[in-house]
Amino acid sequence: MSVSIEVLVVKELVLEDSISCNLLKSLSQVISSDPCVHQPSNGFVCIGCDLLATCVKQHDKWEAIPVELCDTSAGYSCNMIEGSCSNKTGPCKPINNGAFSCTSAGTFPDPFDCQSYHVCYKNGNQMISIDITCDAGVAFNPFTGDCSLTLNAEVCHKEGFSCKKAGDMGPWLHNPNFFYICKADFESGEKIIYPELYKCEPNSSFVKDECVKNGLTTQKPLPGVECSKPGVFEDVTSCKHYIYCNKELVGERFECPENTYFNTKYLSCVRGSC
């Protein structure tokens, strides 16, 4: 992603003697408003892998003000989810040099980068991944399979997994049709715990430790339901159901698995009661 750079004098910036001239130079730049047009909820954006900036709106114009230069030599890089320079695995510190592990054919969200996704297909006996990055300012939508979300969406500032130890598993937070299994590896003598993504069958959700078929109540167009566009929508008559509109704009009503309900925030069935 390319960004243009404009120059601005940073006012009232107090620097310690130990901060290098390179840091002063980096913190004296204001990046063009492009990175902040779709401001993340935490207000932070990454300019490359080594510069953290915060979004500020002045005179009806968003500006990215650099606030921290990451020490990449010590293993730190910009992490938008954390809103800081971090040594955690992320877009700038990927597992396996950024090679995505395809577990089956299909389209998968990137576990660490909301603007990237992976199309997996089988070539002979080998799974191949095509890695795709959305345009600047937009994020991948794990429900619709396209770049239709803004950087303000939850997928960009909340991890879809929780890996405390190898063997942990759970539904992908942003679409339970996907699930993850946490694995362990060693890189540069350091133990890394990371998620590997899997996909349930269509119209299924991952609950506890298995893929559960969503209960289909009808495959006919629903009375009173008009699909204006494809996607997943709330069933206003029941929190235990949702509406799926296909590309022909035909509505189908699905029931969430047992012990789950349809969460309108995530547009998916999640564990709990409504």
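Here is what the cut-offs are and how they apply
- Residues numbered from 1 in each chain as written.
- Predicted model: local features only at pLDDT ≥ 70, side-chain atom pairs only at ≥ 80, totals over all residues.
- Heavy atoms only, no water.
- Helix = DSSP H or I, 4+ residues; strand = E, 2+ residues; numbered from the N terminus.
- Buried < 20%, exposed > 50% of the residue type's maximum accessible area, 1.4 Å probe, protein only.
- Areas by Shrake-Rupley, 256 points an atom, 1.4 Å probe, with all protein chains shown as cover.
- Salt bridge = Lys/Arg side-chain N within 4 Å of Asp/Glu carboxyl O.
- Pairing = 2+ DSSP bridges.
- Axes fitted to C-alpha atoms, helices over the stretch in contact; angles between N-to-C directions.
- Contact = heavy atoms within 4.5 Å.

Undergrad: Summarise the overall build of the protein chain; cite the residues concerned and give the values.
TA: Along the protein chain, the regular secondary structure elements total 1 helix and 23 strands. Looking at the 274 residues of the protein chain, the share that counts as buried comes to 38%. Carbon and sulfur atoms form 49% of the exposed surface of the protein chain, whose accessible area is close to 15600 Å².

Undergrad: Can you tell me about the environment of Glu-82, naming the residues and giving the values?
TA: Along the chain, the position of Glu-82 falls in the loop between strand 6 (77-79) and strand 7 (84-86). Separated by 75 residues in sequence, Glu-82 and His-157 place their C-alpha atoms 7.5 Å apart.

Undergrad: Give a description of the pattern of salt bridges that names residues and reports values.
TA: For the coordinates displayed, the defined rule picks out 3 salt bridges. Residue Glu-154 is joined to Lys-158 by a salt bridge in which the shortest nitrogen-to-oxygen separation is 3.8 Å. The partner of Asp-168 in a salt bridge is Lys-165, and the shortest N-O contact between them spans 2.9 Å. You can call Asp-168 buried: its relative accessible area is 15%. By relative accessible area, which is 51% here, Lys-165 ends up exposed.

Undergrad: Explain the sheet that holds strand 15 (residues 190-199) residue by residue, including any values.
TA: Read from one edge of the open sheet, 3 strands run 13-14-15, paired in antiparallel fashion. Edge positions in the sheet fall to strand 13 (169-171) and strand 15, since each of these pairs with one other strand and no more. Shown here is a sheet whose adjacent strand axes are inclined to one another by a mean of 30 degrees, direction ignored. Strand direction decides the pairing type here: strand 13 and strand 14 (residues 178-187), joined by 3 bridges, are antiparallel. Bridge pairing in strand 14 links Met-169 to Ile-181.

Undergrad: I'd like to hear about the pairing of strand 4 (residues 51-58), residue by residue, with values.
TA: Here strand 3 (residues 44-47) runs beside strand 4; their pairing, made up of 4 bridges, is antiparallel. Directly across from Val-45, in strand 4, lies its bridge partner Ala-53. Two successive antiparallel strands, strand 3 and strand 4, enclose a turn made up of 3 residues, where Gly-48 displays a positive phi of approximately 70 degrees. In this sheet, strand 5 (residues 61-69) lies alongside strand 4 in antiparallel orientation, the contact comprising 8 bridges.

Undergrad: Please set out the environment of Cys-85 residue by residue, giving values where relevant.
TA: The residue Cys-85 is located in strand 7 in this model. Residue Cys-85 is classed as buried on the basis of its relative accessible area, which comes to 13%. For Cys-85 and Glu-68, which are 17 residues apart along the polypeptide, the C-alpha to C-alpha distance reads 7.5 Å. In contact with Cys-85, not counting residues within four places along its chain, are Leu-52, Glu-68, Leu-69, Cys-70, Tyr-76 and Ser-77.

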